[in-house]
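The primary structure of each chain is shown beneath.
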Amino acid sequence: MKKGIIFTVIILIVAAVLTVVFVTLFKERDTDAVANKVISVVDEGYLSENSDKEALEDYLDYMSASEQNDEITMSKTLLATYDKLGDFYREHIAFTSYNSTYKSNKGDIINGLDSASDSMDEMVSYINSHTAGGNSSWEARTWDDVRVMMFEFIEANNRAFSSLSYVYIACENSQIVNNDYTSEVLKAISEHLSSYGSLDMKGRLTMAENVYRMATNYLKTELVYGYLYDDIWQAQIEDIMTNGTDSSYYSSFVAGTL
Amino acid sequence: MKKKFISILALLVISVASVVTLAGCGAGIKVENVKASYEAMTETLVSYDSVLNKGDESVYRNTKDYYQISYGEIVDGYIRSQDENYVELKDYYNSVFSFAMSYVDENIQVITNLLDDEVNSATKKTLKDLKDSIDDFNESVHNFVSARNRLDVYYQNYGSTASEEEKMSRLRTFKRDYVDFVDKSVQMSLSLSNSVEATGILDSVEHVRLTKNYILNKILRAYNELYILDIGTFNFKETTPTDTKTRIENVLDKLQILMNEYSSIMLLNDSALKELTSEELVALKDMMNKFLTEIDVYIEALDTLNVRELCVDYKNEMDEYLTHNDRAEICLERVENFVNVSLPNFLDYLDDAVRV
């Protein structure tokens, strides 16, 4: 009887040790999943110069002259913003370290990028099957449908890119790149992106333009790397971090003209 | 029966834990052991002083030729005549080796002057690694000198009759041994810098020189990794010319240019060094830590890129290589950014921070 109990206890201890060993061995420790997803979306997927993206851009170009000009321009601006953000993350996210922020945002990033990709496929398929064009009722009818898909596309991208910025800001692997400057820029971009909350896209053009300017003006590699050695820039960013919207630099910062 | 079993189990656990803990702490290794290894290594170098001619110590701080390596009359002649196939032996391999050795010779006393009772636990943990790396280097000296002698004998006997291709093949064989030798010297200097840091001596403003040299020694990895460890192991020059090869060549050219900047900071004499305040020292070390992390990312990018595979197996065709390694492009971009932007920026910063 006693022997049986001892044997069972030993088996339980061995099982517990083996479980700990296996959990430790196979525990996710790197950011490969997200890095590979971003790379595939930028290099092979919907952000690359493929025929799907061209079809959507052609449609938006054609529609630029329509009554929904503001909405179309905003859509085009955001599309270009995602290009810039995608390039930035493609280059940087592969070198970020695994952390709890990564763990909690991984699902949002991958699902967001997948959903955006699905919305892009849906839009292109719709555009390709409604090629008549040339009159205002066609324009109004197609845009009514495309804008819903476009909104889903924007929403999914915003979700993914906001989560990517949290992961990047939390990373420790490359402190010289993940400095106050990029963190503040990405935080501002993320706040702007997350403020899209309805299908009413009119009136949000300024915001989209700011996001676009911030992404293009501030995420240039040489500026990201150069920040650490620029006293003036450091002082301005510190002022923004300390004083937020009260900072005298804040408005030019969010306008992308710091 | 139960008590016996538990006692045996406890004994086993304690034994394993003790072994692991002692091994982890480097217990058993004393300063004396490090000193003995260093002295043995010095004796080895002295015994080969016709090949590894140590420069005059009163002069070496003003020249990067701290260790003059004699490659034999014929190869030295090629180097003097600036033959591009040979000149890098002196410009690059010899320079990296000299910087690593000058760091070791100038800083080893920080460790060997310690009394075992004074050694803190952080330093104690680094001593085994330091001793091992000195022993490894010591061993590599023999291999290097043999390789150098084989090269010299080959050139003396066949230098005038062998084809250019044959000579290049022989030179590449020698470079492979040279790569190992330089790498061992860099590893030894890095181990020493870890030990020096662990003593806490770098926290004192009185030791600006030690701090500056510590930083430069850590940067040595950036030069060693790509130019010597990666490129030095195959015939890069003869690989297929493509845009990707041009990009790698540009990175190598830039590294060579930056070596001069590195040298000028390394060779600053004491009178040219600033006296730092404690705040300035903290700021410098903070920036250094950030940059060291950046070097880690650069090394990681190089490892993932695998230059040899790209250049040799995939003939410098990035598009084809991407089907095998989908991170190759971003890794190459990261390497370019590090060499073109981060490294020069940091060297400029360091120069401003320490030069009077």
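Conventions we followed
- Residues numbered from 1 in each chain as written.
- Chains lettered and ligands numbered in written order.
- Predicted model: local features only at pLDDT ≥ 70, side-chain atom pairs only at ≥ 80, totals over all residues.
- Heavy atoms only, no water.
- Helix = DSSP H or I, 4+ residues; strand = E, 2+ residues; numbered from the N terminus.
- Buried < 20%, exposed > 50% of the residue type's maximum accessible area, 1.4 Å probe, protein only.
- Contact = heavy atoms within 4.5 Å.
- Areas by Shrake-Rupley, 256 points an atom, 1.4 Å probe, with all protein chains shown as cover.
- Rg over C-alpha atoms; globule rule 2.2 N^0.38 Å.
- Domains from an automatic or database assignment.
- Buried area = accessible area lost by both parts, 1.4 Å probe.
- Salt bridge = Lys/Arg side-chain N within 4 Å of Asp/Glu carboxyl O.
- Polar contact = N/O pair within 3.5 Å; in protein donor to acceptor, adjacent residues only side chain to side chain.
- Nonpolar A, V, L, I, M, F, W, Y, C, P; charged D, E, K, R; others polar.

(A) Representation of the overall build of chain B within the structure. Scanning chain B for helices and strands turns up 13 helices and 2 strands. The 356 residues of chain B split such that 50% are buried. In chain B, once contacts between residues fewer than 6 apart in sequence are set aside, the share between residues at least 24 apart is 82%. Just so you have it, chain B exposes about 16,500 Å², and 50% of that area is on carbon and sulfur atoms.

(B) Molecular detail of the overall build of chain A. Helix and strand counts for chain A stand at 11 helices and 0 strands. Expected size for 258 residues packed as a compact globule is a radius of gyration near 18 Å; at 23 Å, chain A overshoots this value by more than 25%. Taking the principal axes of its C-alpha atoms as reference, chain A extends roughly 90 × 55 × 30 Å. Residues classed as buried in chain A amount to 45% of the 258 residues present.

(C) Structural detail: the environment of Glu-300 of chain B. Residues and elements named next belong to chain B. In this structure, Glu-300 sits in helix H10 (residues 278–305). Assessed through its relative accessible area of 31%, Glu-300 is described here as partly exposed. Separated by 76 residues in the primary sequence, Glu-300 and Asn-224 have C-alpha atoms spaced 14 Å apart.

(D) Representation of the environment of Ser-163 of chain B. With respect to the element layout, Ser-163 of chain B can be found in the loop between helix H6 (121–158) and helix H7 (164–199). Residue Ser-163 of chain B is classed as partly exposed on the basis of its relative accessible area, which comes to 35%.

(E) Expanded view of the domain arrangement of chain B. All names here are of chain B. The domain boundaries assigned to chain B delineate domain 1 (29–109 + 126–198) and domain 2 (200–356). Taking the mean C-alpha position of each, domain 1 and domain 2 sit 21 Å from one another. In this assembly, 32 residues from domain 1 lie in contact with 31 residues from domain 2. Both sides of the domain 1 and domain 2 interface together cover about 2,800 Å² of buried area, and 59% of this is carbon and sulfur. Run the count over domain 1 and domain 2 and you get 1 salt bridge. Put simply, Arg-209 and Glu-106 hold a salt bridge, and the shortest N to O gap is 2.7 Å. Seen at the junction of domain 1 and domain 2, the total is 11 residue pairs in polar contact (both at pLDDT 80 or more). Contributions of two or more residues to the side of domain 1 that touches domain 2 are made by helix H5 (87–112) and H7.

(F) Spatial organisation of the interface of chain A and chain B. Taken together, the 23 residues of chain A in the interface contact 23 residues of chain B. Buried area between chain A and chain B, summed over both chains or domains, comes out near 2,200 Å², and the portion from carbon and sulfur atoms is 61%. Interface area lost by chain A to chain B is led by Phe-95, Tyr-225 and Tyr-229 of chain A, which between them contribute 31%. A salt bridge links Arg-327 of chain B to Asp-32 of chain A, with the nearest nitrogen and oxygen atoms 2.9 Å apart. Where chain A packs against chain B, one counts 6 residue pairs in polar contact (both at pLDDT 80 or more). Put simply, the parts of the chain that give the side of chain A that touches chain B at least two residues each are helix H1 (2–26), helix H2 (32–43), helix H4 (69–92) and helix H9 (221–226) of chain A. Its residues assigned to classes, the side of chain A that touches chain B comprises 11 nonpolar, 7 polar and 5 charged.

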